[in-house]
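Observations on the model geometry
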Amino acid sequence: MKTRNKIAFLIIMATMLYYQILSWFSEIGRTEKLLPYLLVSLIFMLLPGFSSNKRGLMVVGTITLTLFSLALHDFVSAKNLFIMLLSPIVAYYVADVLHPPLRIAYYWFFLVLIPYSLYAFTSIEGVFYLPNENWQVDFFGINNTKHLMGLAGSTLVWTSVFSIKETSSEGGKTKYIDIILGLLGSYMLIGSTARSYILPFLVIILYLLIFRHRIKQWFAYIYFATAIMSTYMLESISSYASPLKEHTILDKFTKTDNFELYGVTSGRAWLWALHLKWFQSSNYIGKGSSATFNSGDTVDNQIAKAASESVYTGLLAIYGFMGIVVIIAHISLFVFAVKKNNLLGSALIFFMMYVSVLGDFLMESSAPLTMLLFILYVRSFSIQQKIGE
């Protein structure tokens, strides 16, 4: 990495560290935590090395949609849309121009996540390095959700898989650190008991096995569409899972707290219907930030069964037809990788979209770990070229 690129990369990672620290130790708003990252990103957008044709078009599209949202909705909606669209472009820039180490997630894990985990172990309740009575593992304590465990674990797994693939493509031997951290990541992911990570993890393993020799495009598209769309039928599918009741662990996996009230989707089935209703009633323009709320709020004369955390139906409710544009852009990343016969890249973006459908938005790379996943996606195409497939 050239000196200029190294400095630029370190600056961006410093802003990511700032965001991560404030996420753990401060209650300030998300925009304030992201402000240094956004300012640095905007500066880099003005540098000559940033303005490739592809990134230039992406920036123009981001600005256009942001202005449309500002005109049709409100400042908060426009700001969130700008962050949502800008952050993957910055990740693309970091991967394409700054060329960070493929194993950058390992550094983040050892230098940031592990120190915080040790702090949480000594100062915060709820840290379990071994499974507790609920078969759950949590490295970060009660101030964090199990989704952070799922995200951290899956990031380690993906980094391990990509590193092993790159090493083999160069004729080298698999490094023990890749195997060890890959296994640790699997332990964290499964131990998190976060269904929004475990279910996609299992679906992607099957995807990798099916297409391990070569991706059959239409079969891959059908598999992708079936997996994504089946998510919206989980309430119906779960009614056929009664045999699982005989197995305590599996029964717990298929159910949530207050299952009788909220169902297997933790209230999201109700949320999906509400979002689609608002999408239609807004004449497909969207309701802006008024379509966001918290669980327990009064919404449409009823108590909300879930927060406004269903990403893709939420995009429709908030941004209307512009939400469709964003969804198409996300799907195109999968289609592009499939057409290039990029198995790892298509599997990774499939995983990120599937987790996003289930409620944890990975398709926005404003947070450190999601940025690292986007970097792996971009780098997957260069690994593919090395392999010559």
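Structure's up top.
A few points on the structure. Numbers given for residues are sequential positions, taken from 1 along each chain in its written order. Per-residue local features are limited, in this predicted model, to residues with pLDDT of at least 70; the limit for side-chain atom pairs, both in listing and counting, is 80 or more; totals at the level of whole chains, interfaces and linings are taken over all residues. Processing note: side-chain calculations cover all non-hydrogen atoms of the structure and skip hydrogens and water entirely.

The next subject is the overall build of the chain. Per the convention used, a helix needs a DSSP run of H or I reaching at least four residues, while a strand needs a run of E reaching at least two, with both numbered from the N terminus. A tally of helices and strands in the chain yields 17 helices and two strands. Relative to its full complement of 389 residues, the chain shows a buried share of 50%. We call two residues in contact when some of their heavy atoms are within 4.5 Å. A separation threshold of at least 6 residues defines the contact pool for the chain, and within that pool the share at least 24 residues apart is 71%. As presented, the chain carries roughly 19000 Å² of accessible surface, and 65% of it is formed by carbon and sulfur atoms. Under the scheme applied here, a residue whose accessible area is under 20% of the maximum for its type counts as buried, over 50% as exposed, and between as partly exposed, the area being computed with a 1.4 Å probe on protein chains only. Method for areas: the Shrake-Rupley scheme with a 1.4 Å probe, in which residue coverage is limited to the protein chains shown.

Let us look at the pattern of salt bridges. Whenever a carboxyl oxygen of Asp or Glu lies within 4 Å of a side-chain nitrogen of Lys or Arg, that contact is scored as a salt bridge. If you walk through the whole model with that rule in mind, you get two salt bridges. Among the ionic pairs, Arg-103 bridges to Asp-178, the shortest N-O distance being 2.9 Å. Placement of Arg-103 in the loop between helix H4 (75-98) and helix H5 (104-123) and of Asp-178 in helix H7 (residues 176-191) is noted, with a sequence separation of 75 residues between them. With respect to burial, Arg-103 and Asp-178 carry one shared label: buried. The shortest N-O distance in the salt bridge between Glu-166 and Arg-379 comes to 3.8 Å.

Its 16 residues place the ends of H7 22 Å apart at the C-alpha level, agreeing with the 22 Å of an ideal helix rising 1.5 Å per residue. Looking only at H7, the buried set comprises Asp-178, Leu-181, Gly-182, Gly-185, Met-188, Leu-189 and Gly-191. Where H7 is buried, its residues touch H5, helix H6 (146-169) and helix H8 (195-210). The positive-phi residue at the C-terminal boundary of H7 is Thr-193, with phi of around 60°. For a helix, the expected span equals 1.5 Å multiplied by the number of residues minus one.

Turning our attention to the nonpolar core. Ranked by size, the top nonpolar core spans 114 residues in total, and within it Val-94, Phe-140, Trp-158, Tyr-207 and Phe-350 carry the most contacts. Among residues more than four places away in sequence, those in contact with Tyr-207 are Ile-215, Ala-220, Tyr-223, Phe-334, Val-338, Leu-343, Ser-346, Ala-347 and Phe-350. Note on terminology: a nonpolar core comprises buried Ala, Val, Leu, Ile, Met, Phe, Trp, Tyr and Cys residues joined through side-chain atoms within 4.5 Å.

Here the focus is the environment of Ala-152. Residue position: Ala-152 is located in helix H6. On a C-alpha basis, the gap between Ala-152 and Leu-113 in space is 8.6 Å, while along the polypeptide they are 39 residues apart. When sequence neighbours within four positions are dropped, the list of residues in contact with Ala-152 reads Leu-113, Phe-140, Met-188 and Leu-369.

Quick look at the environment of Ala-273 now. If you trace the backbone, Ala-273 turns up in helix H13 (residues 268-281). Looking at Ala-273, the relative accessible area reads 48%, which means it is partly exposed. Spatially, the C-alpha atoms of Ala-273 and Thr-313 are 8.7 Å apart, while their sequence positions differ by 40 residues.

Moving on to unusual backbone geometry. A positive phi is found at Asn-283, a non-glycine position, where the angle reads about 60°. One can find Asn-283 in the loop between H13 and strand S1 (298-299). Of the residues examined, Asn-283 reaches a relative accessible area of 59% and is grouped as exposed. The phi angle at Asn-341 is positive, at roughly 55°, despite the residue not being glycine. Take Asn-341: it is sitting in the loop between helix H15 (321-339) and helix H16 (343-357).

For the rest of this paragraph, the subject is the packing of H6 against H16. With axes taken as lines fitted to C-alpha atoms, and helix axes fitted only over the stretch in contact, angles between N-to-C directions fall between 0 and 180 degrees. Between H6 and H16, the shortest axis-to-axis distance is 12 Å and the interhelical angle comes to 175°. Looking at the two axes, H6 sits roughly antiparallel to H16. Only Leu-344, Gly-345, Ala-347, Leu-348 and Phe-351 of H16 make contact with H6, whose side of the interface consists of Ser-154, Trp-158, Val-161, Phe-162 and Lys-165. Ten residues, namely Ala, Val, Leu, Ile, Met, Phe, Trp, Tyr, Cys and Pro, are considered nonpolar, four, namely Asp, Glu, Lys and Arg, are considered charged, and the remaining ones, Gly among them, are considered polar. Per-class residue counts for the contact of H6 with H16 are seven nonpolar, two polar and one charged. Convention used here: angles under 35 degrees read as roughly parallel, angles over 145 as roughly antiparallel, angles from 65 to 115 as roughly perpendicular, and any remaining angle as oblique.

Position of Ser-346 relative to the elements: it lies in helix H16. At a separation of 2.9 Å, a polar atom in the side chain of Ser-346 contacts the main-chain carbonyl oxygen of Leu-343. Apart from residues lying up to four places away in sequence, Ser-346 is in contact with Tyr-207, Ile-215, Phe-334, Ala-337 and Val-338. Counted as a polar contact is a pair of N or O atoms within 3.5 Å, where, for protein atoms, one must be capable of donating a hydrogen and the other of accepting one, and residues adjacent in sequence contribute only when both atoms are in side chains.

Moving on, we get to the packing of H4 against helix H14 (residues 311-319). Relative orientation of the contacting elements H4 and H14 amounts to 140°, with a least axis distance of 11 Å. By the angle class used here, H4 and H14 are oblique. At the point where H4 passes H14, the crossing takes the left-handed sense. On the side of H4, the interface is formed by Ser-77, Asn-80, Leu-81 and Met-84, while H14 contributes Leu-315, Ile-318 and Tyr-319. Of the residues belonging to the contact of H4 with H14, the class tally is five nonpolar, two polar and no charged. By the definition used in this description, the sense in which the near helix is turned from the far one sets the handedness, with an anticlockwise turn below a right angle giving left-handed and a clockwise turn giving right-handed.

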